[in-house]
Structure formats: C-alpha cells, structure tokens
Amino acid sequence: MALARAERQGIRVDLDYCERKKEHLTKKIQHHNKRLEQTKLYQLWHKIYKGKTNIHSNQQLARVLYKAMKITPPKLTESGEGSTDEAALSQIDEPGLQWILKIRKLNKIRDTYLAAFTRDQYQGYLHPSFELHNVRTYRSSSSNPNFQNIPKRDKEAMRICRRALLPRPGHQLLEADFASIEVMISACYHKDPTMLKYLKDKKSDMHLDMARQIFILDELDRSKAAHALLRQAAKNGFVFPQFYGDYYANNAASLCDWVKLNQNGAWKPGSGITLPGGIPMADHFRDRGIKSYQQFLDHMKGVEDDFWGNRFRVYSNWRESWVSKYRKKGQLQMLTGFECSGELKRNEIINYPIQGTAFHCLLFAFIELDKIRMEEGWKSALIGQIHDSIIMDIDPEERDHISNVLKTIVKEALPKAWPWIIVPLDIDLDAYEVDAAWLK
DNA sequence: GGAACTCGCCAC
DNA sequence: AAACGTGGCGAGTTCC
C-alpha cells in the first residue's frame, strides 16, 4: 500500500525541457551521423549492405569489423559472437567507431529516458510502478518508466536525464540512503568478528586496509588523491566483487584498469598511475618483487587466500555452511522469514539472502515513514525507492522533522522489530535545492 | 504483425 | 566446486 501511494503521488516532469532536449539531441546525432558517413569504415559498410545499411545494427557492425576487415574480436558475447559493446570497440583502433559510440550514447539518453518521460507522463507527472513479485531475491523492480536506472555515473547523461525531474513547486527532492546496508546485513548472517569490528568501529576502514595489502603500501592517507583512488580501486575492484562471488583473476584485471597497468606481460618502468612522491605504480611494484601481470596475478591469489582464510574466516565458513544447508534442504530461509527454492547456483545462494534482507530493511523504513506521514498529515510525499534509498518530494519546512523521524525508524524501531539486526544501521539524507531538478 | 530472442547499457 | 548478484528496456533480428 505504501508503494501504491508513492506511485499515485508521482514525480513532476519538465515536459517543455524534454521536448527541447530531444530535438537538440536529434541534431547532435545527425551531426555525428554525417561525420561517421565520411569514414572508411562506413564506406565499406555501405558497400556490403547497400540500401540495408543500418548503423544501429550491431550484427552488421560485427560482420564489417570481424569478417570484412578481418579484425580479431577483442571479446565475445554470451553466445560466442564477436562483441560490439563499448569495451570491445574501444580496443579497436578504427576511426569511425568513436562516432558509433557517441551516437549510441545520445540515442540511449533520448530514446530510453527522455522519450519514456514524455510517453509515460500524465498531466505532467510520472507514475512509475514499483513491484514486489518479479525479483527472485525479494528485491523490487520498477517500470513504466523504470525509476531505478536513471543515469548517475556518466555526468553528461546524468545531467541531461535528471534535469527533467522536478519537485512540486516550492518543494525540494530528498534522497535517504541506507549506509552500507548489504555489508551490514551480511554481518547479521555470518557474524564474523573482524567484519563486526569494521562495522562498529568508525575509525577502522576495511577498504583502506585492503588497499594497503593489495598495493603493498603501509602509509595510506585518504586525503591524498592517489591514495583515495587506490581505496576506490580496492573497494570496487576487489572487496565488493569478492562479496558477490568473484575471484582473484577477474579482480587482478579490474585493478589494473584502475591503476592503468598492462594486463599482459612485463610492466614498463614509469607506467601506471603516479603515487604521492612521484613514483609510478609499476616502479613501486617492481621494488616489491612484482614486475609483470603474471606476478601480480600470483600476488592477488595470495590476497584472496588471506581475505577468506584469515581476515574473514568466519564469513567464509558461513558461506560454506549456508551452501551445504541449501543443498541439503533445497531451500533457503532469510532472517525475515522469506524463502527461496528452486535450482540455485553457489553465488546465488550466498547473495540472495543478503540482497533480499537488505531491501526488506528499506521497505520497513518506507512503510513506517509513510504511516507517520499520513498520521501527521505532511505536505511532503514519498515518491519512489531505489533498493537502498527512499526518494521524497518535501516541503522545506518539514525537512528537519522528516530527518528525525527517519533516523528514529532506522536506529530504533527497525532493530527493535527485528532483533537479529546486530549492527548499527544508519540512513544518510541528501536534499536538493528548493525548486531545483534532480541534480547538483 | 506479434512473440521471443540477442545484444547492449542504465541502476543498485 | 566455481568463476560477480538483481532487474527494465530499446533496437535489431528471427520465427511463425
């Protein structure tokens, strides 16, 4: 019912802006099209496909690149065909591909996001569906339009799309995000003492510790830009993928992307990002006995063994026993009481309970907040939810009260209702300007 | 002309 | 033993 009420409230959308921006994008796309048509790539393409030439066909592109031009595919798709995704194309040195990538990106913004906003709006408001019956883990899904995948990381796409979404006049948009909710919930299952210490002690920093170990640096200082990047690399290139069931060989490749080192053979002195003090990453590693990608791979194998065998031994044991229990019973039961059955792979078995339970914490907060909103007759509205965050359209006068209510729900009501929560949950609020779109 | 499929790409 | 988890959706393509 709380989700249904959010659907009915809706999100205000700037229709004039959407129309203007779609036209603007169309002109830009036409311009990139003209540049593409001047390339050798396109001329060969047109020679093969004549009147059937379609620059949006990846099947045609694959045949031009990998058959006609005899380029070796840098990577393959799931079904074994030569891939034409961004990662593949950016490894091919062929003028023309840059225009394909630019056109793809602008098309995506125009046809997936802005077009959906104008198509799905009713009287200037979007009413995306939030559904609870689609996802195997008991998370939610969203559609018509999907409110849970609006661009954020790519700054250009983010600005163009989010500029279209507004608060009601005189109001402001507000996001309330659970802090590290999946890691917090995982700890409620495995109760690993090392992990619990990381989560309870605000001075400790798991990702920084992992960066120290991965990059063999004793002194790491988050306030230095290069060190902050190494921490990000450790977090997104090792720790989180490991939690999801990834392994060291993939991590090693990803980490090399982060620090700009080769993924084959020896590392050239002077290569890689520069560390504080002006030392190149490759030289730093060389002085510590790692001179090539192969040696880095061996190093990462050791880091992984230590991660699960020593640092998070209890977490690792929980995974194994959780998998055996599922295999014995054919079913797993979450801390919320929800069950999953059917054929599950190892990584699914260890991920589902964490993902589903984390979302149920969000749902608990969403429902309680909505209840209090109705009881107290707020002008502010709950308008959506993105797995671990609540999106509101608020009256600025009510902001402090909403903040207090939310903090109380998350820090007091939630752990009281669910005593298996043995970690300190928190939620961070982030408000946008009054009358401003969904961007900073 | 619609269903079902692949591929690519956006979010958490 | 296994090799990153969950979705929605647009465009192209193939099948019926």
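As the structure is a prediction and not an experimental result, all values here were calculated from the model.

Undergrad: Please set out the overall build of chain A residue by residue, giving values where relevant.
TA: Scanning chain A from terminus to terminus reveals 17 helices and 13 strands. With the C-alpha coordinates of chain A rotated into their principal frame, the extents come out at 70 × 60 × 50 Å. Among the 440 residues that make up chain A, the fraction classed as buried is 50%. Excluding contacts between residues fewer than 6 apart, the proportion of contacts in chain A whose partners are at least 24 apart in sequence is 64%. For chain A, the accessible surface area stands at approximately 22,500 Å², while carbon and sulfur atoms represent 48% of it. When the 66 positive and 55 negative side-chain charges of chain A are each reduced to one mean point, those points stand 5 Å apart.

Undergrad: Give a description of the sheet that holds strand β1 (residues 11-13) that names residues and reports values.
TA: Pairing is antiparallel across the open sheet formed by 3 strands, whose spatial order is β2-β1-β5. Sheet topology places β2 (125-126) and β5 (165-166) at the edges, where each strand pairs with a single neighbour. Here β1 runs beside β2; their pairing, made up of 2 bridges, is antiparallel. Note on β2: the bridge partner recorded for I11 is L126.

Undergrad: Let's hear about the packing of aromatic side chains: which residues, and what values?
TA: Per the counting criterion, the structure on display carries 24 aromatic pairs. For the pair W267 and F285, a centre-to-centre distance of 5.5 Å together with 45° between the ring planes defines the contact as tilted. With a gap of 18 residues between them, W267 in the loop between α12 (248-259) and β7 (274-275) and F285 in helix α13 (residues 281-286) connect regions that are remote in the sequence. Neither W267 nor F285 differs from the other in exposure class; each is buried. Measuring from ring centre to ring centre gives 5.4 Å for W418 and W420, while their planes differ by 20°; the resulting arrangement is stacked. The exposure class of W420 is buried, given its relative accessible area of 17%. Taken together, the ring pairs connect Y189, Y198, F238, F240, F243, F307, W308, F312, Y315, W318 and W322 into an aromatic cluster. Between the NZ or CZ atom of R319 and the centre of the ring of Y315, over which it lies, the distance is 5.4 Å. We note K440 situated over the ring of Y432; from NZ or CZ to the ring centre the distance is 4.3 Å.

Undergrad: Run through unusual backbone geometry, naming residues and quoting values.
TA: Here N144 and P145 are connected by a cis peptide whose omega angle stands at -5°. As for its position among the elements, P145 is in the loop between β4 (141-143) and α7 (155-162). Despite not being glycine, K191 has its phi angle at roughly 55°, a positive value. Positive phi outside glycine occurs at H387, with the angle close to 65°. As for its placement among the helices and strands, H387 is situated in the loop between β11 (381-385) and β12 (389-394).

Undergrad: Go over the sheet that holds β11, please, and point to the residues and values.
TA: Taken together, the 4 strands give an open sheet; going across it, the order is β11-β12-β6-β13, and neighbouring strands pair in antiparallel fashion. Pairing within the sheet leaves two strands with one partner each, and these edge strands are β11 and β13 (427-431). Here the average twist between neighbouring strands, direction ignored, is 25°. Bridge analysis of strand β6 (residues 172-178) against β12 gives 6 bridges, and the strand direction is antiparallel. Along β12, the bridge assignment pairs D177 with S389.

Undergrad: Could you give an account of the protein's contact with DNA strand C, naming the residues involved and the relevant values?
TA: Taken together, 31 residues surround DNA strand C, and among them N54, S57, N144, Y247 and Y352 come closest. The contact atoms of DNA strand C, taken as those within 4 Å of the protein, divide so that sugar and phosphate hold 78%. In this structure, a phosphate oxygen belonging to DNA strand C sits 3.4 Å away from a side-chain N or O atom of N134. A distance of 3.1 Å is found between a sugar or linking oxygen of DNA strand C and a side-chain nitrogen or oxygen belonging to N351.

How each quantity is defined
Residues numbered from 1 in each chain as written. Chains lettered and ligands numbered in written order. Predicted model: local features only at pLDDT ≥ 70, side-chain atom pairs only at ≥ 80, totals over all residues. Heavy atoms only, no water. Helix = DSSP H or I, 4+ residues; strand = E, 2+ residues; numbered from the N terminus. Buried < 20%, exposed > 50% of the residue type's maximum accessible area, 1.4 Å probe, protein only. Contact = heavy atoms within 4.5 Å. Areas by Shrake-Rupley, 256 points an atom, 1.4 Å probe, with all protein chains shown as cover. Lys, Arg positive; Asp, Glu negative; His and termini not counted. Charge placed at Lys NZ, Arg CZ, Asp CG, Glu CD. Pairing = 2+ DSSP bridges. Phe/Tyr/Trp six-rings, centres within 6.5 Å; stacked < 30°, edge-to-face > 60°. Lys NZ or Arg CZ within 6 Å of the ring centre and 35° of its normal. Axes fitted to C-alpha atoms, helices over the stretch in contact; angles between N-to-C directions. Near = heavy atom within 4 Å. Polar contact = N/O pair within 3.5 Å; in protein donor to acceptor, adjacent residues only side chain to side chain.

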